[in-house]
Amino acid sequence: DLRGVPGLDTTPAAKQLSMIKEYYDNMFTKSNGGKYDVLRLGIAGDTSPNLFWRLRQNEMRNLKPSIWWISIGRNDLFRTKCSEEVTFMGIIRV
């Protein structure tokens, strides 16, 4: 929940990214006081169908996290210009 980032809503966009990264690192890196150590596996420009394919190929079979944080749909909407309906179907499929 990014509402916990002080001043985020009044900060210029360029600075917001570094604020979000700092907040994320503090929450999800034990060496920074977070409760969890997180492994980031995002692929820039990836889409829901690509993620679905990788899951079906069992690419992450050896990973056993207690929490999965999946952020999908943004590239479907903005990079490939899928409609909201198609994007939603891709998210639900994953």
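Going by the structure above, here's the rest.
Let me begin by describing the structure that accompanies this report.

Rules behind the numbers
Residues numbered from 1 in each chain as written. Predicted model: local features only at pLDDT ≥ 70, side-chain atom pairs only at ≥ 80, totals over all residues. Heavy atoms only, no water. Helix = DSSP H or I, 4+ residues; strand = E, 2+ residues; numbered from the N terminus. Buried < 20%, exposed > 50% of the residue type's maximum accessible area, 1.4 Å probe, protein only. Contact = heavy atoms within 4.5 Å. Areas by Shrake-Rupley, 256 points an atom, 1.4 Å probe, with all protein chains shown as cover. Patch = residues over 30% accessible without salt bridge, like charges linked within 9 Å, V, L, I, M, F, W, Y side chains within 5 Å. Salt bridge = Lys/Arg side-chain N within 4 Å of Asp/Glu carboxyl O. Lys, Arg positive; Asp, Glu negative; His and termini not counted. Polar contact = N/O pair within 3.5 Å; in protein donor to acceptor, adjacent residues only side chain to side chain. Phe/Tyr/Trp six-rings, centres within 6.5 Å; stacked < 30°, edge-to-face > 60°.

### Here we look at the overall build of the chain
When helices and strands are tallied, the chain shows four helices and zero strands. In sequence order, the secondary structure elements of the chain are arranged as α-α-α-α. Considering the chain as a whole, with its 94 residues, one finds that 21% of them fall into the buried category. Counting contacts in the chain only where the partners sit at least 6 residues apart, residues at least 24 apart contribute 30% of the total. Here the chain has roughly 7,700 Å² of accessible surface; of this, 56% comes from carbon and sulfur atoms.

### Topic: a nonpolar patch on the surface
A cluster of nonpolar side chains, Phe 88, Ile 91 and Ile 92, forms an exposed patch at the surface whose accessible area comes to about 300 Å². With respect to the secondary-structure elements, Ile 92 resides in helix H4 (residues 84-93).

### What to know about the side chain of Asp 76
With respect to the helices and strands, Asp 76 occurs in helix H3 (residues 74-78). Although buried, Asp 76 forms no salt bridge, and the nearest oppositely charged side chain, Arg 79, lies 9.2 Å from it. One polar contact links Asp 76 to Ser 48, side chain to side chain, over a distance of 2.5 Å. When neighbours within four sequence positions are excluded, Asp 76 is seen to be in contact with Thr 47, Ser 48, Pro 49, Lys 81, Cys 82 and Thr 87.

### What about unusual backbone geometry?
Negative phi is the rule for most residues except glycine; trans is the rule for most peptide bonds. Even without glycine at this site, Asn 58 takes up a positive phi of about 65°. By relative accessible area, Asn 58 is classed as partly exposed at 42%.

### Observations concerning the side chain of Thr 87
Following the sequence through the fold, Thr 87 ends up in helix H4. Not counting the four nearest positions on each side in its chain, Thr 87 is found in contact with Gly 73, Asp 76, Leu 77 and Cys 82.

### Focus: the packing of aromatic side chains
Counted under the stated rule, the structure contains one aromatic pair. Judged by centre distance (5.1 Å) and plane angle (45°), the ring pair of Tyr 24 and Phe 28 falls under tilted. Note that Tyr 24 and Phe 28 are positioned in helix H1 (residues 13-28) at a spacing of four residues, about one turn of the helix. Exposure class is identical for Tyr 24 and Phe 28. Each is buried.

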